[in-house]
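Listed below, chain by chain, are the residues.
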Amino acid sequence: MKIALEISNLKKVYKGGFEALKGIDLTVEQGDFFALLGPNGAGKSTTIGVITSLVNKTAGTVKVFGHDIDQELEQAKSYLGLVPQEFNFNQFEPLMKILVNQAGYYGVERKLAVQRAEKYLKQLDLWDKRNDAGRMLSGGMKRRLMIARALMHEPKVLILDEPTAGVDIELRRSMWEFLRELNQQGITIILTTHYLEEAEMLCRNIAIIDSGIIVKNTDMKSLLATLDQETIVLDIDSTDTRPQLDGFQTRLIDDHTLEVDVKKSQRINDIFIQLTTQNINVQSMRNKSNRLEELFVSLVGSGQAENQEVN
Amino acid sequence: MSSKVNFIALKSILHKEVHRFMRIWVQTLVPPAITISLYFVIFGSLIGSRIGEMGGFDYMSFIVPGLIMMSVITNSYSNVASSFFSAKWQRNVEEMLVAPVPTWVIVAGYVGGGMARGILVGAIVTLVSLLFVDIQIHNIWVIIATVSLTSATFALGGLINAVFAGSFDDISIIPTFILTPLTYLGGVFYSISLLPEFWQGVSQINPIVYMVNAFRYGFLGISDVSLTLSFSVLLTFIITLFIIAMTLISKGIGLRS
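For clarity, every value in this text was computed on a predicted model and none was experimentally measured.

A separate point is the overall build of chain A. Counting its secondary structure elements, chain A contains 10 helices and 14 strands. Overall, the C-alpha framework of chain A stretches about 75 × 45 × 40 Å when taken along its three principal axes. When each of the 311 residues of chain A is scored for burial, the buried share is 41%. Taking the intrachain contacts of chain A between residues at least 6 apart in sequence as the baseline, contacts between residues at least 24 apart amount to 69%.

Listed below in structure tokens is the structure:
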């Protein structure tokens, strides 16, 4: 398998001395669906900025399909498509012109660019808006426009920085579907997201960054397998006393909501058996939080990352 | 990247730039025509008739080349300054920065856009001036060369201004406090030879004097300074400003953090 992106010992110190990246290493294989997670200010956008040459690095190397951005920047850029976090298109230009011009910057002939613009505007449900100025679009439409723009030169690697921020659930799911299809077509996808469910649903591999350090870099299945405890929330018949469940930690949140900590070695069946013997009926059950979220919180603590080994 | 890819990228930037100023033609093309008409009415017809001849020509004919050049300078500069700064401000300059567009293509595209507006406005102003005066042409090639080089010089200046600008105020400071005084003192409305000797010497450090005079030579065949010196000044400015613009954009000054 080819390496799509290879980052070694990447450092970035901004003017004023803020150390945004403290020597990170990352490898993304061709065809991967890769998540870069981290809290605000962790260094996600700086990493993406350096890869796409919007941020000057302080030290380290970045290679895109083997092309070093220090020696073969234009070649490296030609493989990348970027969907940034902030809207960064000309708000006064019609959608069609935004897309066709962007394709032109990559050397795509105008005739072909117009065909591709039509294809992506239709796929992303923006065709009716093709002659409208960018500023006339809703937030979700603007996000889709930026995805269409990033695809105009048919990049091998698509980088999305918080692509579904501020997008409603229905639209988010349709965007997930679209990104999955792109990945199935062979496009390597790297995304940063605050929605951990999004990373869990879409990505095969994951890196967690905190305070400019990669604190975890592994495949999603292995990461989730390390989770040794989940909290489930049960909606139960009204009760005044906290049910006693042998072997389980429980908390009665209100008279009909019970939280139960379940270790990896324990069986959920045992909870129901014990509740049944106490004549307590369960109306419904859910996870307290997303599984990845629990891991994320445990990995990204205040200052904890400073002491973590870099994987 | 191949020269074909670069050529398509250059065409795209040029297309975008020309489309931008054509889309807002009421703001970009109409005001110079109105301003120049007022200059002709006030300085040409009303005051000019009392001034009499200058450099062997009636005053109206004398000021026409300078007024055209003034429009070319202002529009070439402000087109690139406002367009590139807007692209920075809206961050759509990143569309070019993430693409494999060489720096020289970005510079050439924006300068080309500035030249297109400068020369188009120059042509409009020339047409307006035909309503007031018969224009004679002494050497068309000098006219074309001067207008093209001057337009490129000030388009480069506008680009450098936009690179450093941090707010919309910053792109109006240089036109207001530097360009306008230099233009008014650059021999648009008078012959340098009318000035006392000291001020004639001072005028020679004003680059616009050379541009206006070379342009006037193309129309009337008269100039306060030598044509060779005028073109040398223009080429020196273009080369210097081009190197500065290339260096700034390559290093990402004002563009990359």
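That covers the picture; the talk isn't over yet.
Across the boundary between the two partners, chain A contributes 24 residues, which contact 23 residues of chain B. Mapped by element, the contributors of at least two residues to the side of chain A that touches chain B are α2 (73-79), β6 (80-83) and α3 (95-105) of chain A. Residue contributions to the side of chain A that touches chain B peak at four residues, all from α3(A). Among the residues making up the side of chain A that touches chain B, the classes are represented as nine nonpolar, 11 polar and four charged.

This part is about unusual backbone geometry. Residues and elements named next belong to chain A. One non-glycine residue, Glu162, lies in positive phi territory at about 50°. Among the secondary structure elements, Glu162 is positioned in the loop between β7 (157-161) and α6 (169-184). Of note, the phi angle at Ser211 is positive, near 50°, even though the residue is not glycine. What makes Ser211 buried here is the crowd of 21 C-beta atoms within 10 Å.

What follows is about the sheet that holds strand β2 (residues 19-29) of chain A. A sheet is described by the order of its strands in space; here four strands give the open sequence β2-β1-β4-β5 (chain A), paired in antiparallel fashion. Lying at the two open borders of the sheet, with one neighbouring strand each, are β2 and β5 (67-68) of chain A.

All right, on to the packing of helix α4 (residues 59-89) of chain B against helix α6 (residues 103-129) of chain B then. Residue and element names in this part refer to chain B. Their axes nearest at 8 Å, the elements α4 and α6 cross at an angle of 150°. When the axis of α4 is compared with that of α6, the two are roughly antiparallel. Helix-helix and strand crossings are classified by hand; for α4 and α6 the assignment is right-handed. Among the residues forming the contact of α4 with α6, the class breakdown is 12 nonpolar, 11 polar and one charged.

This next bit is on the sheet that holds strand β13 (residues 257-263) of chain A. Residue and element names in this part refer to chain A. Ordered in space as β12-β13-β11-β14, the four strands form an open sheet in which the pairing is antiparallel. Of all strands in the sheet, those bounded by a partner on one side alone are β12 (249-254) and β14 (282-287). On average, each strand axis in the sheet is tilted by 25° relative to the strand beside it, whichever way the strands run.

Let us look at the confidence of the model for chain A. In the predicted model, chain A carries a mean pLDDT of 88, and the fraction of residues at 70 or more is 95%. Every residue in residues 302-311 of chain A scores below 50 in pLDDT, and together they form 14 contacts with partners more than four places removed in sequence or on other chains.

Okay, the nonpolar core next. Membership of the largest hydrophobic core comes to 153 residues, with the highest contact counts inside it found for A:Ile159 and B:Leu159. Ranked by residue count, the leading element in this core is α4(B), at 17 residues. What A:Ile159 contacts, discounting residues up to four positions off in sequence, is A:Ile48, A:Ile51, A:Thr52, A:Leu80, A:Gly81, A:Leu82, A:Val83 and A:Ile190.

Residue and element names in this part refer to chain B. Between its first and last C-alpha, helix α8 (residues 170-184) extends 21 Å over 15 residues, near the 21 Å set by a 1.5 Å rise per residue. Maximum bend of α8: about 30°, positioned at Thr176. Those residues of α8 lying buried are Ile171, Leu179 and Thr183.

Calculation notes
- Residues numbered from 1 in each chain as written.
- Chains lettered and ligands numbered in written order.
- Predicted model: local features only at pLDDT ≥ 70, side-chain atom pairs only at ≥ 80, totals over all residues.
- Helix = DSSP H or I, 4+ residues; strand = E, 2+ residues; numbered from the N terminus.
- Buried ≥ 20, exposed ≤ 12 C-beta atoms within 10 Å, placed from the backbone.
- Contact = placed C-beta atoms within 7 Å.
- Nonpolar A, V, L, I, M, F, W, Y, C, P; charged D, E, K, R; others polar.
- Pairing = 2+ DSSP bridges.
- Axes fitted to C-alpha atoms, helices over the stretch in contact; angles between N-to-C directions.
- Parallel < 35°, antiparallel > 145°, perpendicular 65-115°, else oblique.
- Left-handed = near helix turned anticlockwise from the far one by under 90°.
- pLDDT = per-residue confidence, 0-100.
- Core = buried A, V, L, I, M, F, W, Y, C linked by C-beta atoms within 7 Å.
- Expected span 1.5 Å × (residues − 1).
- Bend = angle between axes of the 7 residues up to and from the residue.

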